[in-house]
Every structure is written in C-alpha cells, then in structure tokens.
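So the chains spell out like this:
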Amino acid sequence: MSVSYMTHPLIKHKITLLRKYSTGTNEFRKLIEEIAMLMGYEALADLPTADIEVTTPIEKTLQPVINGKKLAVVPILRAGLGMVNGILALVPSAKVGHIGLYRDPETHLPHEYYCKLPEAIDERQIVVVDPMLATGGSAVAAVDFIKARGGRKIKFMSVIAAPEGVSALMKAHPDIQLYVGCLDRCLNENAYICPGLGDAGDRIFGTQ
Ligand code: PRP
Ligand code: URA
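Residues numbered from 1 in each chain as written. Chains lettered and ligands numbered in written order. Predicted model: local features only at pLDDT ≥ 70, side-chain atom pairs only at ≥ 80, totals over all residues. Heavy atoms only, no water.

S.K.: Explanation requested: the pattern of salt bridges in the structure shown.
M.R.: Think of it this way: side chains of opposite charge can pair up when their charged atoms draw near. All told, the structure shown has 7 salt bridges when counted by the stated rule. Salt-bridge contacts for Glu-34 lead to Lys-14; the nearest nitrogen and oxygen are separated by 2.9 Å. Of this pair, Glu-34 sits in helix H2 (residues 25–43) while Lys-14 sits in helix H1 (residues 9–19); the two residues are 20 residues apart in sequence, bridging distant segments of the chain. Between Asp-184 and Arg-19 there is a salt bridge whose closest N-O contact spans 2.7 Å. Of this pair, Asp-184 sits in the loop between strand S11 (177–183) and strand S12 (186–187) while Arg-19 sits in helix H1, and the two are 165 residues apart along the sequence. (Salt bridge = Lys/Arg side-chain N within 4 Å of Asp/Glu carboxyl O. Helix = DSSP H or I, 4+ residues; strand = E, 2+ residues; numbered from the N terminus.)

S.K.: What exactly am I supposed to notice about the site of ligand 2 here?
M.R.: As a matter of local geometry, ligand 2 sits amid Arg-103, Met-132, Ala-134, Ala-191, Tyr-192, Ile-193, Gly-198, Asp-199 and Ala-200. In the environment of ligand 2, a nitrogen atom lies 2.8 Å from a nitrogen or oxygen atom belonging to the backbone of Gly-198. Note that an oxygen atom of ligand 2 is positioned 2.8 Å from one of the backbone N or O atoms of Ala-200. Burial of ligand 2 by the surrounding chains reaches 88%, relative to a free accessible area of 240 Å². (Near = heavy atom within 4 Å. Polar contact = N/O pair within 3.5 Å; in protein donor to acceptor, adjacent residues only side chain to side chain. Areas by Shrake-Rupley, 256 points an atom, 1.4 Å probe, with all protein chains shown as cover.)

S.K.: How should the side chain of Gln-125 be read in this particular structure?
M.R.: Along the polypeptide, Gln-125 turns up in strand S8 (residues 125–129). Setting aside its immediate chain neighbours within four residues, Gln-125 contacts Leu-71, Ala-72, Lys-153, Ile-154 and Lys-155. (Contact = heavy atoms within 4.5 Å.)

S.K.: What exactly am I supposed to notice about the packing of helix H4 (residues 137–148) against helix H5 (residues 163–172) here?
M.R.: The geometry of a pair of packed helices is captured by two quantities: the angle between their axes and the separation between those axes. Interhelical geometry of H4 versus H5 gives an angle of 25 degrees and a closest axis separation of 8 Å. Judged on the interaxial angle alone, H5 and H4 are roughly parallel. In this structure, H4 crosses over H5, and the sense of that crossing is right-handed. Along its contact with H4, which presents Ala-139, Val-140 and Val-143, the element H5 presents Ala-168, Leu-169 and Ala-172. (Axes fitted to C-alpha atoms, helices over the stretch in contact; angles between N-to-C directions. Parallel < 35°, antiparallel > 145°, perpendicular 65-115°, else oblique. Left-handed = near helix turned anticlockwise from the far one by under 90°.)

Now the structure itself:
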C-alpha cells in the first residue's frame, strides 16, 4: 500500500484550525470540507483522461477530459459525510455510496449498520472518506465491505491518522492507496487520537 502524507501549507494550516477546542460547529464543517477538497486535488492526480475534439474561437483541437466510469465517493458515517461536498466540488458528477459504522465505546470495535454502494462498483475508482483513522478498525471494515461487493480500485482519505491506524490498514489492505492529512503521535486509553481533534462526528454535527 502507498501512503501519502500531505505537505501543502494550506492543508496544514486548516488542520491546525480544526484541532482547536474553540473552533465551533459551523467553522469546523467548513474547514473539513475545504481540507477534503485540497486533499482530493492531490489524491485524484492520476484520474484517467481521454482526448476529445473541441472547437475554440480559433480552430478545432484535441484536448483532454476526465474519462471512464464515474468516480464513487464513499463516506463512512457519520463523520465522513463532512468530507463529501469537498470531493463533489472537484468532481460534481461523482456517485456517492454510504457505509454506516460506529465504534463500540467499550471495545472500540466497529459495528456496521448500513451499506449502500453505487452500481458497477467493480468498474469505478472509489474514494473512501473518513476524517479520523484511529485504531483502523472502521477503515479496515469499510474496505472489507467494499471489496466483498466487488470494489477493487480503492483510495482512502483521512484528515488525521494515528500510527496504529495506518499500520492496521496497511496490513489488512496492502493494495489500497492511503492519503493522510496529518500523522499524529498515538492513541490514548480510549482509543482517541493524540493530539487529534476530539470526536469528529460530534464536532461536525454538534452532538456533543
Ligand atoms: C469515528 C471516525 C471513524 C472511527 C475511527 O467514528 O469517524 O469512523 O471513529 O476510529 P477507528 O479507527 O478506531 O475505527 P465513530 O465510530 O465515532 O462514529 P461517528 O462518525 O458516527 O461519530
Ligand atoms: N474517532 C474520532 O472521532 N476521534 C478520534 O480521535 C478517534 C476516533
């Protein structure tokens, strides 16, 4: 598996603002969306293109456009929803699937409650989005579900990751491409990322 860590100063700056305890729901949502768009720009740099003929005011010419089956963006509910519009701003025609998972507060293990993916998922480039990659349990389970339904070309985008989550995802799914906004220090005793940003779902939806 290839892991890309974001180096762009705009992404770093926005992740710092996201972490702040004083950042309210409205600003948090906006930042998550902007970070997803900036990360999406990097993650989608290898989208296939094909030349089409266009007529400029001067002459006819062959020029590239995005080619192939429409992209599938798959947020892991809930927090992944906050990243969807950032990717759709880049690729408005993308299809959107959903995977519902929550971590058991005691065991920290993921539980599935929903899965609906676009048709012909085996032919699409898939971008799974979830702001937090902590133990990696949710990410591994989400990619398991996608592969069980035929998905093959998978990229995974997380805004903040713990080393434990990166290792778990790399071990379980060495064939996927992982994009990480920032690699943090470690997990605490409640499997929260340190320094992290707290509970991403609660901060996006204001449910603390
Ligand atoms: C968070 C986060 C990830 C998961 C990461 O979701 O959005 O999906 O935890 O943790 P892991 O790597 O240890 O599995 P959560 O389960 O809190 O659900 P929510 O998005 O509905 O709040
Ligand atoms: N889920 C979150 O929302 N935050 C963490 O730090 C870990 C898991």
